[in-house]
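# Summary of structural features
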Amino acid sequence: MKIFITFAVAVFGVQHVKSPTCPGAACVFPVDGAEFLTGARFDIRIEMHGEQTVPDDSFSVTIAKAGAPETELGTFFNLERPKLETWDFSYAKDGADYYRALEGERSVLIPVKVASRIWRRAAFKEPGNYIVTTTYSGGKRHQVEWIVRGASCQRLARNAILFIADGTTINMITAARVMAKQQRNGKFFDKFELDKMEHIGHILTHSLGSMMTDSACSASAYHTGHKTAVNALGVYPDSSPDHFDDPKQELLAELARRRSPSKGGKMAVGIVTTAEVQDATPAAVFAHTRRRKNKADILHQLLYSINNDTAPIAADVLLGGGGKYFQGSLSRNKENYYKKFSGEFGYDVIHNGTQLRKYSGKGPLLGIFHKSDMDVYVDRQMMPNNLKNNQASPLGDKADALDQPTLVDMTKAALDVLKKRGGDGGFFAMIEAASPDKQMHTMDFHRALVEIIEFDQAIKAAVEWARQHDPETLIVVTADHGHGFDVFGSVDTYAFNRAAKDKHNLSKRQAIGVYGEAGWPDYEDKDGDGFPDSLAVRTVFAGATVNHPDILENFQMNLTHPRNLAIRSYETPHKLSISIPDPNFNQNGMEITGNTPAENTEAVHSMTDVGVFASGPGSHLFGRVMDSTEVFFNFAFILGLGDAAPHHCRNCHQRSKHY
């Protein structure tokens, strides 16, 4: 029996509880209110918890459709009764005990004993509302309700592309538009490609048990139709010590791979990102784990099943960074995954932009262009000298990664390969601009906004591709969560820097213009490439985020490498570190007091809704306010995923116009 410690996320307004979904003795996953697609597979775990007593290991579970008699759970799904599992864990009841435990005082933690069973690969055949009842401890009953939706009557689109600009809000899009597009007397005559999409809506991004989300649980909701907790991918996080045995939900890509011939057969799958391909957003397409940091194991899941309970999707196209997890000390068991992809699975493997732009094969295609996250557009395309001496080669040979493709390059190549490999079966592609989020975390606002400009150009490339090659292509553009960033005026950097010797903020603040004095920033695009010619201009945005550590802010972009405004300091009376302004950055900046936990060195996510923009067949389903889980069901209906008898199928209404 293993003993371990868990520090759980919030639920019911409380910051520290033993489980994000289980305030009592009986825990049921999937949770109360979960929604399902007929034909989609999922796992069911029941946990019985005992804090002062031994948990009931003789519990029983039944399920009943509304108005029908109860049926034993395994009998209903035609699954054998699983073996009983047991383990122990501990948790902190509040924030004070949480930090005391982190400092080594483990006696404050509350121990819990668990008895559990898990049923794998269940699936509903009929839509409707179902009540699941767990009976335990001499007649106590714990009930949850599940809602099952019918699959679509007809397939509306052959292909679907999900664009995600990680961490991007409407405020950030607005600022990027001002940076990229010229205005005349306050009016824009040219807008972003995403501004021209046919349908616009909003997505609510809250996670399981918390109003806040991270990229893992938010992207997971898009790909499963189920909420999950922070850091989790494609699972309901249970309390077991194994990060890979949690109850899983079938992913969009997995459904696309096994789509029935009556719906057009299996689809090709593509994943494109400017992050590591093992990062949360791309991993949500194919991985199942409650811990997003298991990156070597996440890569392994693309090709192999860890517990033999899922079928790996082996994506037709995989493009991005993350080379350090393919070979060397950080790869799984130090194995060479480049050789596994190219040898055992027959991938064409490339490592630079020149190779990608020339590629004309039929794949499957693996392109890894950086040992970690790919460099941002500003450094990669506008200031390429910043890439020198970084030893960022994806091959781990200490060379530099000087020839990285753009997101536009990767988008075009991926769509061409997916068209060849998907054929009449079509394809599903997830294309991510990862660094709006990563640069907002470090408050490098200029670099983040230029990433959004590049993202929009990739959308334009996809729209043009769909017009030329396959109008039966749905394009959806959104984010997975937001940051609390906005622009409140402009900064005259000359005046600001002249006031640098003033130890007080007052004279620096006088360089900030608001309302009528804000004017417009000095960004220009004289060469017409859609990007500002220079970011080192006199008048820049006065921009800020509302959730950050203590920093020194000068509002100006660092020209030699990305900003990093705060670092950890271990010179504290406690065992825990705290964050302080980085002494190497912005020593003449304004002192701005932070408001996040003392150890945070980065800005954190905000609770804001995110925008969703869609064009193509079925895009009308996105033109509304929706929960993050609705994204999954919309794609499933439009692509003809899931199974249902004709009298149970769901009509997706009329088609949207095409390109």
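See the structure shown above.
What comes next is a walk through the structure. These numbers come from a predicted model, not from an experiment.

For the rest of this paragraph, the subject is the overall build of the protein chain. In terms of regular secondary structure, the protein chain is built from 16 helices and 31 strands. Compactness check: the protein chain gives a C-alpha radius of gyration of 25 Å against a globular reference of 26 Å for 659 residues, within 12% of the reference. Along the longest, intermediate and shortest principal axes, the C-alpha atoms of the protein chain span 75 × 65 × 50 Å. Across the protein chain, contacts joining residues at least 24 apart in sequence account for 74% of those joining residues at least 6 apart. For the protein chain, the exposed area adds up to about 26,700 Å²; of that, 49% sits on carbon and sulfur atoms. Computing the positive centroid from 72 side-chain charges and the negative centroid from 78, the protein chain places the two 3 Å apart.

This brings us to the pairing of strand 2 (residues 26-29). Side chains Ala26 and Val28 of strand 2 all project onto a buried face; the interleaved residues Cys27 and Phe29 project onto the opposite face, where all are buried too. Across 4 bridges, strand 2 lies against strand 4 (residues 42-50) in antiparallel orientation. Paired with phenylalanine 29 across the strands is arginine 45, a residue of strand 4.

Read across the open sheet, the 3 strands follow the order 23-22-24; overall the sheet is antiparallel. Among the strands making up the open sheet, the edge pair consists of strand 23 (512-513) and strand 24 (539-545). Pairing geometry for strand 22 (residues 485-492) and strand 23, over 2 bridges, is antiparallel. For serine 490, the partnering residue across the bridge sits in strand 23 and is glycine 513.

Before going further, it helps to spend a moment on the packing of helix 7 (residues 295-303) against helix 8 (residues 337-344). At their nearest, the axes of helix 7 and helix 8 sit 11 Å apart, and the two run at 5 degrees to each other. One element, helix 7, and the other, helix 8, form an angle in the roughly parallel class. Every residue of helix 8 that contacts helix 7 at Leu299, His300, Leu302 and Leu303 is listed here: Tyr337, Lys340 and Phe341. A class-by-class count of the residues in the contact of helix 7 with helix 8 yields 5 nonpolar, 1 polar and 1 charged.

Here a disulfide denotes a covalent bond joining the sulfur atom of one cysteine to the sulfur atom of another. Summed over all chains, the structure comprises 0 disulfides. Cysteine 27 provides the cysteine sulfur closest to cysteine 217, a residue in no disulfide bond, and the two sulfurs are 19 Å apart. In this structure cysteine 217 comes out as buried when scored by relative accessible area, which is 2%.

The subject of this paragraph is the pattern of salt bridges. Considering all chains together, one arrives at 40 salt bridges under this definition. Among the salt bridges present, the one from aspartate 492 reaches arginine 538, with a minimum N-O distance of 2.9 Å. Taken together, the residues aspartate 492 in strand 22 and arginine 538 in the loop between strand 23 and strand 24 connect sequence positions 46 residues apart. With relative accessibility at 22%, the residue aspartate 492 sits in the partly exposed group. Several salt bridges converge on common partners, so that one network encompasses Asp214, Glu276, Asp279, Arg292, Lys295, Lys324, Asp373 and Lys438.

Looking now at the packing of helix 3 (residues 170-180) against helix 13 (residues 445-469). Packing of helix 3 against helix 13 brings their axes to within 9 Å, and their N-to-C directions diverge by 80 degrees. Between helix 3 and helix 13, the crossing angle belongs to the class labelled roughly perpendicular. Contacts from Met172, Ile173, Ala175, Ala176, Met179 and Ala180 of helix 3 reach helix 13 at His446, Leu449, Val450, Ile452 and Ile453. Residue classes in the contact of helix 3 with helix 13 are distributed as 10 nonpolar, 1 polar and no charged.

Moving on, we get to the side chain of histidine 223. Following the sequence through the fold, histidine 223 ends up in helix 4 (residues 215-224). Residue histidine 223 is classed as buried on the basis of its relative accessible area of 0%. Apart from the residues lying within four places of it in its own chain, the contact partners of histidine 223 are Leu162, Glu250, Leu251, Leu252, Ala284, Val285, Phe428, Met430 and Phe632.

Once that is clear, we can look at the environment of threonine 273. Secondary-structure assignment places threonine 273 in strand 15 (residues 268-276). Here threonine 273 falls in the buried class, since its relative accessible area comes to 0%. Residues threonine 273 and glutamate 432, spaced 159 residues apart in sequence, show a C-alpha to C-alpha distance of 4.6 Å. Setting aside anything within four residues of it in sequence, one finds threonine 273 in contact with Pro282, Leu319, Gly320, Gly321, Met374, Met410, Glu432 and Ala434. At a separation of 2.9 Å, a polar atom in the side chain of threonine 273 contacts the main-chain amide nitrogen of alanine 275.

Within the largest apolar cluster, 78 residues are counted, with the highest numbers of intra-cluster contacts made by Ile161, Phe163, Leu319, Leu449 and Val477. Per-element accounting of this core gives the leading share, 14 residues, to helix 13. Setting aside anything within four residues of it in sequence, one finds valine 477 in contact with Phe163, Leu194, Met197, Phe455, Ile459, Gly611, Val612 and Phe613. In this structure, Ile164, Ala219, Val285 and Leu318 belong to the second largest nonpolar core, which totals 62 residues.

With that out of the way, let us pick up the layout of surface pockets. The rolling of a water-molecule-sized probe over the atoms marks out the regions of remaining empty space. Roughly 300 Å³ of volume is contained in the second largest pocket. Looking at the second largest pocket, it is lined by 16 residues, and the ones nearest its centre are Lys181, Asp190, Gln457, Lys460 and Gly530. When grouped by side-chain class, the residues that make up the lining of the second largest pocket number 3 nonpolar, 4 polar and 9 charged.

A surface patch of nonpolar side chains, about 370 Å² in accessible area, is lined by Phe488, Val514 and Tyr515. Note that phenylalanine 488 resides in strand 22. The class for phenylalanine 488 is partly exposed, based on a relative accessible area of 41%.

Calculation rules
Residues numbered from 1 in each chain as written. Predicted model: local features only at pLDDT ≥ 70, side-chain atom pairs only at ≥ 80, totals over all residues. Heavy atoms only, no water. Helix = DSSP H or I, 4+ residues; strand = E, 2+ residues; numbered from the N terminus. Rg over C-alpha atoms; globule rule 2.2 N^0.38 Å. Contact = heavy atoms within 4.5 Å. Areas by Shrake-Rupley, 256 points an atom, 1.4 Å probe, with all protein chains shown as cover. Lys, Arg positive; Asp, Glu negative; His and termini not counted. Charge placed at Lys NZ, Arg CZ, Asp CG, Glu CD. Buried < 20%, exposed > 50% of the residue type's maximum accessible area, 1.4 Å probe, protein only. Pairing = 2+ DSSP bridges. Axes fitted to C-alpha atoms, helices over the stretch in contact; angles between N-to-C directions. Parallel < 35°, antiparallel > 145°, perpendicular 65-115°, else oblique. Nonpolar A, V, L, I, M, F, W, Y, C, P; charged D, E, K, R; others polar. Disulfide = S-S within 2.5 Å. Salt bridge = Lys/Arg side-chain N within 4 Å of Asp/Glu carboxyl O. Polar contact = N/O pair within 3.5 Å; in protein donor to acceptor, adjacent residues only side chain to side chain. Core = buried A, V, L, I, M, F, W, Y, C linked by side-chain atoms within 4.5 Å. 1 Å grid on protein atoms, 1.4 Å probe; cavity = no way out; pocket = protein on both sides within 12 Å on 5 of 7 lines; lining within 4 Å. Points joined across faces, edges and corners; volume = space filled by probe spheres on them. Patch = residues over 30% accessible without salt bridge, like charges linked within 9 Å, V, L, I, M, F, W, Y side chains within 5 Å.

By themselves, these are just geometric observations and shouldn't be taken as functional.
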